[in-house]
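Each chain, letter by letter, is given below.
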Amino acid sequence: MSQKSRWIGKTGYVNSIMAAGDDMNYDIEEEYNICNVNLNFNGNSKNLEIVLNKNAAI
C-alpha cells in the first residue's frame, strides 16, 4: 500500500494530509534522472523537479 493510498483513506479526519479534490502524482524521466512531482492542494498547484542520483554500486 502506498503512502498516498494511506492518506486518501484518512481524508475524513480534521488534520488529514489530503482532502477532497487534492491530488499528487509523479513522472520519472529515467533518461535525464529527473522526477517531476505535481501537487494539488486546496486548489493550489505546485510542480517540483527533483534530480535523481543513481548509485550503480550495491
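Being a predicted model, the structure only gives us computed values, none of them experimental. (Residues numbered from 1 in each chain as written. Predicted model: local features only at pLDDT ≥ 70, side-chain atom pairs only at ≥ 80, totals over all residues. Heavy atoms only, no water.)

Novice: Looking at this model, I keep getting lost on the sheet that holds strand 2 (residues 34–41). Mind explaining?
Specialist: Each strand in a sheet pairs with another by means of backbone hydrogen bonds, the pair being arranged parallel or else antiparallel. A sheet is described by the order of its strands in space; here three strands give the open sequence 1-2-3, paired in antiparallel fashion. Edge positions in the open sheet fall to strand 1 (23–29) and strand 3 (44–51), since each of these has one partner strand only. Along the sheet, successive strands turn relative to each other by an average axial angle of 15°, direction set aside. When strand 2 meets strand 3, the two strands line up antiparallel, connected through eight bridges. Counted as the bridge partner of N38 is N47 from strand 3. (Pairing = 2+ DSSP bridges. Helix = DSSP H or I, 4+ residues; strand = E, 2+ residues; numbered from the N terminus. Axes fitted to C-alpha atoms, helices over the stretch in contact; angles between N-to-C directions.)

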